[in-house]
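# An overview of the molecular structure
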Amino acid sequence: LIHFYKRDKDTDQRGSHPSILRSLSCQLPDSPGRSAIRPNSLFRNKSLKKVSFDDRQEIIDNTSIVEEDTEQDDDLPALEEVPPISSSAGGPDPGHLTANSGASNSSTAVAARLHSPVPPHILSRSMAGTEEIVPPQEGEEVPKKEKKPHIKGITYREFDHVKDFEDLVRTVVTLCNAEEQERLREMEDWLVKKEGTWVLAESFNNFLGRVFNDESWPSEARVAMLRLLAYGAGEDDIVLILHMDRKDHLVMNYAQKFDRLPIKEQEALALLFCNLFETGSASEWLLYISEWEAPGGGLPLSNIRVTTKVAVNSLLGDTPTLVEYGSALMSNLATKEVFDDVCSELAMAILQFYQGKPPEEQVFRCMKALRKFCTIGGRDVPQLVKMIGPDPSKFSGMSQRIDEELEPLAQKLASVAMF
């Protein structure tokens, strides 16, 4: 019933790529042309206000702040925010973050926030590799903190993304309704015709959720979708898809089931997490600490908690491909600032991995990560390394670059007493 196009024929009039969906004999409706604009996906139906700064001098002077006409975008999920933390000892739990409940009704308070040299929300929980933020005294100059440049992680770019899209279409096209078929058209524009994620409608998240969660759909569909997301992670605009998922947490709720997924899905999911370290914005999304209720109950979930689980289970996985991705994730996470408890969990997984006889490349990646976790993870991580073992020095002499990582690691371990 379903057959694919011939790449040297039947080219699409809109671009150099033939339409994969048009080549299927499934009686899909004609796709709208470029002149047909989808309001839901391209524009917000909100009027724009023209403001003359000559007439509204108070906007420049900041003598008064008008909040009555501020429009709230209720259709967008809130960005990652940090709640106000009481400086007293009886303050709320600093490890639990929630979105700010709303703007203050006092214009004076708003003006104070605008002119305050210190962010109003200060995270009191200490993060490994960071220093405590101390509010400055009155009149004291606040030095600007330089933002660390993004360090591109270990990623994998060997894809046949057109074939992966063909696999997805072949697997699910007969299971899709008309709206879901339109989402496939948008994915073709995004990935095959390289038009960017802006072509995806807001309801793309619903389609993504059905692919991940509908058990009646074959596993091959999930593998193809994950590989397509991993391919798309090479561009900055992948973060738009990730932020569309901030409310429902479809990707992370699916990834939380990592140890129960088929091997092919595990490999494709680990590949996606590796490739999200291609860009700074996507890699930071993996480290968010805001919590939500886990489906079915249990401990609350967060992005960093799920990311840690994927990294640990990949490194200790059952296939060479999983182990390859797992060692890359360990190396990538070592370039970021993570909490002490995350350092401990990752370090214990590396020690368990070292009980075998891994190849030099994976030993080096994990040795470099272990040294970083021991450096920024306080005293607990070096103590765990000494107590659990094996001694990292077992890999001494394997290569020069491993020996260069072992020397400072051995010094750190020697400086920390046992429990």
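The structure under discussion appears in the preceding block.
Residues numbered from 1 in each chain as written. Predicted model: local features only at pLDDT ≥ 70, side-chain atom pairs only at ≥ 80, totals over all residues. Heavy atoms only, no water.

The next subject is a nonpolar patch on the surface. Side chains of Met-348, Met-387 and Ile-388 sit close together on the surface and give an oily, nonpolar patch of about 270 Å² of accessible area. For Met-387, the position within the fold is in helix H16 (residues 380-388). Of the residues examined, Met-387 reaches a relative accessible area of 47% and is grouped as partly exposed. (Patch = residues over 30% accessible without salt bridge, like charges linked within 9 Å, V, L, I, M, F, W, Y side chains within 5 Å. Areas by Shrake-Rupley, 256 points an atom, 1.4 Å probe, with all protein chains shown as cover. Salt bridge = Lys/Arg side-chain N within 4 Å of Asp/Glu carboxyl O. Helix = DSSP H or I, 4+ residues; strand = E, 2+ residues; numbered from the N terminus. Buried < 20%, exposed > 50% of the residue type's maximum accessible area, 1.4 Å probe, protein only.)

Attention now goes to unusual backbone geometry. The phi torsion of most residues other than glycine is negative, and most of the peptide bonds are trans. Following Gly-389, the chain continues into Pro-390 via a peptide bond in cis, with omega recorded as 5 degrees. Within the chain, Lys-194 stands out as a residue other than glycine whose phi angle is a positive 55 degrees. You can see Lys-194 is positioned in the loop between helix H5 (178-192) and helix H6 (204-213). Phi is positive for His-249, which is not a glycine, with a value near 55 degrees. Inspection of the secondary structure assignment puts His-249 in the loop between helix H8 (238-244) and helix H9 (250-255). The exposure class of His-249 is buried, given its relative accessible area of 18%.

Quick look at helix H4 (residues 161-172) now. End to end, H4 covers 17 Å across 12 residues, agreeing with the expected 16 Å (1.5 Å per residue, within 8%). Buried residues dominate H4, accounting for 10 of its 12 residues. Residues of H4 that are buried: His-161, Val-162, Asp-164, Phe-165, Glu-166, Asp-167, Leu-168, Val-169, Thr-171 and Val-172. Where H4 is buried, its residues meet H5 and helix H7 (219-232). (Expected span 1.5 Å × (residues − 1). Contact = heavy atoms within 4.5 Å.)

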